[in-house]
Amino acid sequence: MSNLLFSILADLADGQFHSGEAIAKKYNISRVSVWNAIGEAEKIGVDIFSVRGKGYKLTQPITLLDSKKIKQAIGEEASWFHIEVIDVVDSTNTLMMRKAATGYPHAACLAAHIQTAGKGRRGRRWISALGQNLTFSFLWRFKQGAAMLSGLSLVVGIALIRAFQKIGLQQALLKWPNDILVLDNGLYRKLAGILIELQGDMEGQSLAVIGIGINLDISKKQIEKIDQPAIDLHSCLDAAINPNELLAIIIKELAAALSQFESEGFAGMKEEWKNAHAFHDKMVALTKGDGQIIQGRVSDITDDGALLIHTEKGATPYSSGEISIIKNWNNA
Ligand code: BTN
């Protein structure tokens, strides 16, 4: 993807019309080259209006990510973090996993404007679009082996809930293990998702690539592509969110929660997690990897992050699977 395209997109970010002639003049290129660049944008899912006599315009104004602005917003602790923004990538997690294996620094954040093959949990796709989502991966290196990291994915959920509270969103909830939901007119809608990939030994040192996707301001067209009820920050807060500032807050909360996890384990954060769990004490159906469905009441969470489901046989811990609430079963 050409640098020219992202320079043009930075001009169009204001949501105003920019004539082909003015863009051509600015970059000292022909109008055909401008037209070709706009064609490249469409190939990566960026919708650009083109009106004869007026020029080109994005469907809505956007704020592009900028590593300097993210660092500025982090403030004093900025030097603790390595921050990189890339324009287009298949998946920030995939790229971060490669970089992590070749010495990429601890506490690094790799954010992308566009992901062409974003990955979700359980082999799903993660749909995102320029300016409508925040998509990034965060690298954390642990002294402990991967065997000690159960509970990690729940800890990342806590970090996101804390970050959302900081920007005034009090109603974000967790769904085990780590979806972020908002209850909207009786329907749980997904605001953000987390995909963690691990590298290293079970016993020796290990690292986690923590991939996070957040819906910022998603269009109707994008909502239609998502295979579950979704919501965005813009409609929850009724205010524009600056993605650079939001990412700065999340990076700080991630570092704080991960450090707390290293010293206290998940046990120290369990009560906070339970308080934010949308389905605590509710009747749920858990679908296991083999398709088996367990129905019961969520009674607790274990110190290593497994969900305790109470059935007539007693309480059983589950460390993987997908849960959904069972409607009309005393689930107020
Ligand atoms: C899910 O809820 O299924 C997890 C979604 C995780 C999406 C993020 S976007 C940034 C990072 N890169 C990816 O390919 N996926 C994660």
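Residues numbered from 1 in each chain as written. Predicted model: local features only at pLDDT ≥ 70, side-chain atom pairs only at ≥ 80, totals over all residues. Heavy atoms only, no water.

1. Some words on helix α4 (residues 67–74)
Heads up, the condition is: Distance and chemistry together define a polar contact, namely a pair of N or O atoms within 3.5 Å, with one atom able to donate a hydrogen and the other to accept it when in protein, and with adjacent residues in sequence counting only for side-chain atoms on both sides. Each helix corresponds to a stretch of at least 4 residues labelled H or I by DSSP, and each strand to a stretch of at least 2 residues labelled E; elements are numbered beginning at the N terminus.
Its side-chain oxygen placed 2.9 Å from the backbone nitrogen of Lys68, Asp66 serves as the N-cap of α4. Looking at the residues trailing α4, positive phi occurs at Gly75, about 80 degrees.

2. Quick notes on the packing of α4 against helix α9 (residues 243–264)
Stated formally: Convention adopted: a line fitted to C-alpha atoms gives each axis, helices being fitted over their contacting stretch, and angles between N-to-C directions are expressed from 0 to 180 degrees. In these notes the angle categories are as follows: under 35 degrees is roughly parallel, over 145 is roughly antiparallel, 65 to 115 is roughly perpendicular, and the rest is oblique. Here is the rule for handedness: rotate from the far helix to the near one, and if that takes an anticlockwise turn smaller than a right angle the crossing is left-handed, while a clockwise turn gives right-handed. We call two residues in contact whenever any of their non-hydrogen atoms come within 4.5 Å of each other. For this classification, the nonpolar set comprises Ala, Val, Leu, Ile, Met, Phe, Trp, Tyr, Cys and Pro, the charged set comprises Asp, Glu, Lys and Arg, and every other residue, Gly included, is treated as polar.
For the pair α4 and α9, interaxial distance at closest approach is 8 Å and the crossing angle is 55 degrees. As judged from the angle between their axes, α4 and α9 are oblique. Judged by the sense of rotation from one axis to the other, the crossing of α4 with α9 is right-handed. Taking contact as the criterion, the partners of Lys69, Ile70, Ala73 and Ile74 in α4 are, on α9, Asn244, Glu245, Leu247, Ala248, Ile251 and Lys252. Its residues placed into classes, the contact of α4 with α9 shows six nonpolar, one polar and three charged.

3. Looking at the pairing of strand β2 (residues 55–58)
Going by this rule: A strand pair is defined by DSSP finding two or more bridges across the two strands.
Relative to β2, strand β1 (residues 48–51) runs antiparallel, the two being bridged by four bridges. Bridge pairing in β2 links Ser50 to Tyr56. Following β1, the chain reverses through three residues before pairing antiparallel with β2; Gly53 in that reversal takes a positive phi of roughly 90 degrees.

4. A few points about the packing of aromatic side chains
Rules: Any Phe, Tyr or Trp ring, taking Trp's six-membered ring, that has another such ring centre within 6.5 Å forms a pair; planes under 30 degrees apart are called stacked, those over 60 apart edge-to-face, and the others tilted. Categorising residues by exposure relies on relative accessible area from a 1.4 Å probe, with only protein chains included: less than 20% of the type maximum marks a residue as buried, more than 50% marks it as exposed, and the intermediate range marks it as partly exposed.
Using the criterion set out here, one finds five aromatic pairs in the structure. Ring geometry for Phe81 versus Phe138: centroids 6.3 Å apart, planes at 45 degrees, classification tilted. Note that Phe81 is positioned in the loop between α4 and β3 (82–89) and Phe138 in strand β5 (residues 133–142), a separation of 57 residues in sequence. For the pair shown, Phe81 and Phe138 are each scored as buried. Ring pairs connect the aromatic residues Trp80, Phe81, Phe138 and Trp140, which therefore count as one cluster.

5. Here's the deal with the packing of helix α1 (residues 3–12) against helix α2 (residues 20–27)
Two elements in contact, α1 and α2, have axes separated by 12 Å at closest approach and are oriented at 125 degrees. As far as their axial angle goes, α2 and α1 are oblique. As α1 runs across α2, the sense of the crossing is right-handed. Residue-level contacts link Leu4, Ser7, Ile8, Asp11 and Leu12 of α1 to Ile23, Lys26 and Tyr27 of α2. Each residue belonging to the contact of α1 with α2 can be placed in one class, and the counts come to five nonpolar, one polar and two charged.

6. Some details on the sheet that holds strand β13 (residues 314–318)
Within the open sheet, the five strands sit side by side as β13-β12-β11-β10-β14. Their pairing is antiparallel. Among the strands making up the open sheet, the edge pair consists of β13 and β14 (322–325). On average, adjacent strands in this sheet sit at an angle of 45 degrees to one another, irrespective of strand direction. Where strand β10 (residues 283–287) and strand β11 (residues 293–301) come together, five bridges link them in antiparallel fashion. Bridge assignment links Thr287 to a residue of β11, and that residue is Ile293.

7. Quick word on the environment of Ala159
With respect to the helices and strands, the residue Ala159 is situated in helix α6 (residues 152–166). When the C-alpha positions of Ala159 and Phe81 are compared, they lie 16 Å apart, and in sequence the two are 78 residues distant. Each residue touching Ala159, except ones within four places of it in the same chain, is listed here: Glu253, Leu254 and Ala257.

8. A short note on the pattern of salt bridges
Put simply, the rule is: Whenever a carboxyl oxygen of Asp or Glu lies within 4 Å of a side-chain nitrogen of Lys or Arg, that contact is scored as a salt bridge.
According to the stated counting rule, one finds 18 salt bridges in the structure shown. Across the pair Lys26 and Asp11 runs a salt bridge whose closest N-O atoms are separated by 2.8 Å. With Lys26 in helix α2 and Asp11 in helix α1, this pair connects stretches of sequence that are 15 residues apart. Among the charged side chains, a network of salt bridges with common partners joins Arg121, Arg122, Arg124, Lys175, Asp179, Lys190 and Glu322.

9. Focus on the domain arrangement of the chain
Our working rule: Domains are outlined according to an automatic or database domain assignment.
Split into domains, the chain comes out as domain 1 (3–58), domain 2 (67–275) and domain 3 (279–325). Here the C-alpha centroids of domain 1 and domain 3 sit 51 Å apart.

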